[in-house]
Amino acid sequence: MELSNEQEGASYQWRSSDNAVASVNEKGLVKALAPGAVTITCTITKNKIIRTCTAEVVVKAAVDEKGFDSQGRMVANFGSPKVDGIIDEVWKDAPVVTPKYVSGNTNTSAVFRALWDDKGLYILVQVKDKNSSAQSRTPYMQDSFELFLDENNDKTRDYGVDDLHFRVNYENTQSIDVGNVERFYTYTKMTADGYVVESRVALKSIPQNGKVLGIELQINDAVGTERVGTIYQQTT
Ligand SMILES: [Ca+2]
Ligand SMILES: [Ca+2]
Ligand SMILES: [Ca+2]
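In this text, all values refer to a predicted model and were calculated from it rather than measured experimentally.

Criteria and thresholds
Residues numbered from 1 in each chain as written. Chains lettered and ligands numbered in written order. Predicted model: local features only at pLDDT ≥ 70, side-chain atom pairs only at ≥ 80, totals over all residues. Helix = DSSP H or I, 4+ residues; strand = E, 2+ residues; numbered from the N terminus. Buried ≥ 20, exposed ≤ 12 C-beta atoms within 10 Å, placed from the backbone. Contact = placed C-beta atoms within 7 Å. Domains from an automatic or database assignment. Nonpolar A, V, L, I, M, F, W, Y, C, P; charged D, E, K, R; others polar. Core = buried A, V, L, I, M, F, W, Y, C linked by C-beta atoms within 7 Å. Pairing = 2+ DSSP bridges. Axes fitted to C-alpha atoms, helices over the stretch in contact; angles between N-to-C directions.

Enquirer: Tell me what's going on with the overall build of the chain, and back it up with residues and numbers.
Expert: Each helix and strand in the chain was counted, giving 0 helices and 16 strands. By principal-axis analysis of the C-alpha atoms, the chain measures approximately 75 × 40 × 35 Å. Relative to its 236 residues, the chain shows a buried fraction of 29%. A separation of at least 24 residues holds for 53% of the contacts in the chain among residues at least 6 apart in sequence.

Enquirer: Mind laying out the domain arrangement of the chain, listing which residues take part and the relevant values?
Expert: Domains assigned within the chain are domain 1 (11-59) and domain 2 (77-235). Each of domain 1 and domain 2 was reduced to a C-alpha centroid, and the two centroids are 36 Å apart. With 6 residues of domain 1 at the contact, the number on the domain 2 side is 5 residues. Its residues assigned to classes, the side of domain 1 that touches domain 2 shows 4 nonpolar, 1 polar and 1 charged.

Enquirer: Please set out unusual backbone geometry residue by residue, giving values where relevant.
Expert: The phi dihedral of Asn47 is positive, around 50°, even though this residue is not glycine. Residue position: Asn47 is located in the loop between strand S4 (36-46) and strand S5 (49-59). Judged by local crowding, Asn47 falls into the exposed class, with 7 C-beta atoms found within 10 Å. We note that Asn153 has phi near 55°; this positive angle belongs to a residue other than glycine. Along the polypeptide, Asn153 turns up in the loop between strand S10 (144-150) and strand S11 (163-169).

Enquirer: Can you explain the nonpolar core? Please cite residues and give values.
Expert: Counting 36 residues, the largest nonpolar core has Ala114, Ile123, Val125 and Leu147 as its most contacted members. Of all the secondary-structure elements, those providing two or more residues to this core are S4, strand S8 (109-117), strand S9 (120-128), S10, S11, strand S14 (194-201) and strand S15 (214-223). In terms of residue count, the dominant contributor to this core is S9 (6 residues). When residues of this core are assigned to domains, at least three fall in each of domain 1 (11-59) and domain 2 (77-235). Sequence-distant contacts of Leu147, that is, excluding residues within four places in its chain, are made with Ile123, Phe166, Val201 and Leu217.

Enquirer: Outline the pairing of S9, supporting the account with residue identities and numerical values.
Expert: As defined by bridge partners, S8 adjoins S9 across 9 bridges and the pair is classed as antiparallel. Each residue of the ladder has a partner; that of Phe112, found in S9, is Val125. In the sheet, S9 pairs with S14 via 8 bridges, with the strands oriented antiparallel. Note on S14: the bridge partner recorded for Ile123 is Ser199.

Enquirer: So what about the sheet that holds S9? Which residues, and what values?
Expert: The 5 strands lie next to each other as S6-S8-S9-S14-S13, forming an open sheet whose pairing is mixed. Strands at the two margins of the open sheet, each flanked by one partner only, are strand S6 (77-78) and strand S13 (184-191).

Enquirer: Quick rundown of the sheet that holds S11? Include the residues and the values.
Expert: Across the sheet, which stays open at both edges, the 6 strands sit in the order S7-S16-S15-S10-S11-S12 with antiparallel pairing between neighbours. Here the strands that pair on one side only, and so sit at the sheet edges, are strand S7 (101-104) and strand S12 (174-178). If you compare each strand with its neighbour and ignore which way they point, the axes differ by 15° on average.

Enquirer: An account of the environment of Lys100 is requested, with residue identities and associated values reported.
Expert: Counting through the fold element by element, Lys100 comes out in the loop between S6 and S7. We classify Lys100 as partly exposed; it has 13 C-beta atoms within 10 Å. The sequence separation of Lys100 and Lys66 amounts to 34 residues, and the corresponding C-alpha distance is 8.5 Å.

Enquirer: How would you summarise the environment of Asp154 if you had to cite specific residues and measurements?
Expert: Positionally, Asp154 belongs in the loop between S10 and S11. In this structure, the C-alpha to C-alpha distance between Asp154 and Leu213, residues 59 residues apart in sequence, is 9.0 Å.

Enquirer: Explain the pairing of S4 to me, using residue names and the numbers behind them.
Expert: Every other side chain in a regular strand lies on the same face of the sheet, so the side chains alternate between the two faces. Inspection of the sheet shows strand S1 (residues 11-16) paired to S4 by 6 bridges, in the antiparallel sense. Bridge assignment links Arg15 to a residue of S4, and that residue is Thr41. Relative to S5, S4 runs antiparallel, the two being bridged by 11 bridges. When the sheet's bridge partners are listed, Cys42 is paired in S5 with Cys53.

Given below as structure tokens:
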């Protein structure tokens, strides 16, 4: 960090809000240590007058070409997109994840991205699908995005109180299998070759750097009234 307009006779004290993520030395040099977000604060004292200035620093995790970290996990960086179906600049900070599994006979493809902030977890989904359909009366047989969240990552067989299972179709009609609908906010938009889903999931516990959640993301591909295939990613 560099301060402009440094003053004679002033003292400078540097501090990081999380030394496990990034540390700062007495000269303001920041060292990245682990993925996460921190606030670096400089306290300036001169003639008994104290002022502070702060800067946000985001340390990103290294990911492979499919968007996964060294342990095969999806990474959510810190950032606050607006949930409106338009891909904000801040999404550029999120690794693009290509899901590993495809079942059925589908030409549809999708990529996922994740961000988090104090309000919760954000998922952006970009689907390429030439044939959009919400004709079936069964929500999972419509073109839709499905999210399973195991917030405490305890991997129970049955749903725990922290677990969620939400779905939203390409027309932004939600269906809730498990969990409180108020925790799921979505916006969808048609594109030239498919659709976009931007979503926010409110979390039960306050999110923090390094927190690990269990998550499964799925795209249901419908043609007419049938689901012809799924694309999914089971990860943390
Ligand atoms: Ca947006
Ligand atoms: Ca759980
Ligand atoms: Ca389709």
